[in-house]
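# Chain and residue survey
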Amino acid sequence: MRPDKHEIYGRRRSRNVGLGLVLGGLVLLIFAVTLVKLHQGAMMEGFDHGLRPSLLPAEEG
Amino acid sequence: MTDAAWTHDTPAHEAQFADYVELLKPRVMRLVLFTALVGLVAAPVVVHPVIALAALVCIGAGAGASGALNMWWDRDIDAVMARTADRPIPSGRVAPEAALAIGITLAGFAVVMLGLVANLTAAGLLAFTIFFYVVVYSAWLKRATPQNIVIGGAAGAFPPMIGWAVATGGVAPESLLMFALIALWTPPHFWALALFRNADYARAGVPMLPVTAGPRATRNQVLAYALLLAPVAMAPAFSLVGGPVYLAGALVLNALFLRGAWRIWRRDEAAAQADGHAVEKRFFGFSILYLFLQFGLFLVEAALRGAGLAPAGWPSLF
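The shown structure was predicted, so the numbers you read here are calculated from the model rather than taken from an experiment.

Each helix and strand counted, chain A has one helix and zero strands in total. Burial analysis of chain A (61 residues in total) assigns 2% to the buried set.

As structure tokens, this is what we get:
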């Protein structure tokens, strides 16, 4: 039997396709949540080298 | 390495995607998701549908993580019980280490994501639920005491509280009543199962009530918990989430539940053996339907309130 015809490949394909769909769905869901949170006015801040408005004094923020 | 070597080195029962889905206990997850959805919808704060969906995905992932970790811990006794021998780990389709890794990863993901999507109260409740189910129930109580279901059943009662917390950010008498409803429903539900799966539990050394105290004591307890459940299940009728439709439906459902418990109580083991535990099996099946319908009544009341059809002046005692 050719190795690529082995039934083990079918099992692996089912795992790969399933996991791919789950991860794709997760990306879409997180993107949609981000859009909704932005639309609802949630504060967005950078946590690396950007200014964090919430840490500035009130008159500068 | 050649392809031929790859196929020779892999186990004969290498898992398919469906095996990993089974590892997450999809039937339990369905009940968890439904009761969490009811808590979320019945709460007096409207949640954006996308946030609600994301929160439910997180709660489902948390339930799945609990299922995977439970199957990892119980793999030794699952192998000797007929009901569980074909689960992914004892049947050899999923390696125990893989189940443990999936459970821990999924649990962390679910809790962190729920904290980000909803709020810290909901995330904290989800984390506590996973801990309670895996550590308190599975690892500690299940093999230690015949009261395992009474205390461990609380784990299954948290989802509506989590759903409520997603919407409101807190805990309320209504969400506590939903918790109490499931917590008191769990013992008669599982003891009915244990009555006709007694040999399974005895073989695995799990001290379920019929194994330690005998079928007579178990039948008494089923009726006692059904009697305790009825008033608790009807109390939400007189709260913010209840109303006349809930009251009428709960009256019928609890009368049927009590009738089933009464039928189990009034017969002995000889009669049960004679008809293959038909009454116990019927009660077990009905108890699942009971919980779905009972929580469905909350949805009906929420829909009526949303449509402005809730009667004015309905008493609220909580």
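The next subject is the domain arrangement of chain B. By a widespread convention, an interface's size corresponds to the accessible area lost as its parts come together. Residue and element names in this part refer to chain B. Domain parsing of chain B yields domain 1 (10-171) and domain 2 (174-318). Computed over C-alpha atoms, the centres of domain 1 and domain 2 are 22 Å apart. Contact residues are listed per partner, giving 28 residues for domain 1 and 28 residues for domain 2. Breaking the side of domain 1 that touches domain 2 down by element, the ones donating at least two residues are helix H3 (26-42), helix H8 (148-157) and helix H9 (159-168). Looking at the side of domain 1 that touches domain 2, the element that brings in the most residues is H3, giving seven residues.

Bringing helix H13 (residues 214-234) of chain B into the picture now. The periodicity of an α-helix, 3.6 residues per turn, causes residues three or four positions apart to be oriented the same way. Over its 21 residues, H13(B) runs 31 Å from end to end, which matches the ideal 30 Å to within 8%, given 1.5 Å per residue. Contacts made by the buried residues of H13(B) are with helix H10 (173-196), helix H12 (209-212), helix H14 (244-266), helix H15 (269-274) and helix H16 (278-306) of chain B.

Take the nonpolar core next. Residue and element names in this part refer to chain B. Ala55 and Leu114 are the most contacted members of the largest nonpolar core, which has 101 residues in total. Inspection of this core shows a minimum of three residues originating in each of domain 1 (10-171) and domain 2 (174-318). Setting aside its immediate chain neighbours within four residues, Leu114 contacts Ala55, Cys58, Ile59, Ala122, Ala123 and Leu126.

Let's shift gears to the packing of helix H7 (residues 120-141) of chain B against H9(B). All names here are of chain B. Following both chains from N to C, one finds H7 and H9 inclined at 165°, their axes separated by 8 Å at the closest point. It follows that H7 is roughly antiparallel to H9 by the angle criterion. When you trace H7 past H9, the crossing you get is left-handed. Taking contact as the criterion, the partners of Thr121, Ala122, Leu125, Leu126 and Thr129 in H7 are, on H9, Met161, Ile162, Ala165 and Val166. Taken together, the residues of the contact of H7 with H9 sort by class into seven nonpolar, two polar and no charged.

Another point: unusual backbone geometry. All names here are of chain B. Of note in this structure, Lys25 is not a glycine but carries a positive phi near 50°. By the secondary structure assignment, Lys25 is in the loop between helix H2 (17-23) and H3. A positive phi angle is found at His277, which is not glycine, with a value near 60°. When you line up the elements, His277 lands in the loop between H15 and H16. A residue is classified by how many C-beta atoms lie within 10 Å of it, and His277, with 22 of them, is buried.

Now for the environment of Val57(B). With respect to the secondary-structure elements, Val57(B) resides in helix H4 (residues 49-73). In this structure the C-alpha to C-alpha distance between Val57(B) and Leu114(B), which are 57 residues apart in sequence, comes to 8.8 Å.

Okay, the packing of H9(B) against H10(B) next. All names here are of chain B. Put simply, H9 and H10 touch, their axes get as near as 8 Å, and they point 160° apart. Of the possible angle classes, the one that applies to H9 and H10 is roughly antiparallel. Relative to H10, H9 is oriented so that their crossing is right-handed. Seen from H9, the contacting residues are Pro160, Met161 and Trp164; seen from H10, they are Ser175, Met178 and Phe179. Of the residues assigned to the contact of H9 with H10, the class counts are five nonpolar, one polar and no charged.

How each quantity is defined
- Residues numbered from 1 in each chain as written.
- Chains lettered and ligands numbered in written order.
- Predicted model: local features only at pLDDT ≥ 70, side-chain atom pairs only at ≥ 80, totals over all residues.
- Helix = DSSP H or I, 4+ residues; strand = E, 2+ residues; numbered from the N terminus.
- Buried ≥ 20, exposed ≤ 12 C-beta atoms within 10 Å, placed from the backbone.
- Domains from an automatic or database assignment.
- Contact = placed C-beta atoms within 7 Å.
- Expected span 1.5 Å × (residues − 1).
- Core = buried A, V, L, I, M, F, W, Y, C linked by C-beta atoms within 7 Å.
- Axes fitted to C-alpha atoms, helices over the stretch in contact; angles between N-to-C directions.
- Parallel < 35°, antiparallel > 145°, perpendicular 65-115°, else oblique.
- Left-handed = near helix turned anticlockwise from the far one by under 90°.
- Nonpolar A, V, L, I, M, F, W, Y, C, P; charged D, E, K, R; others polar.

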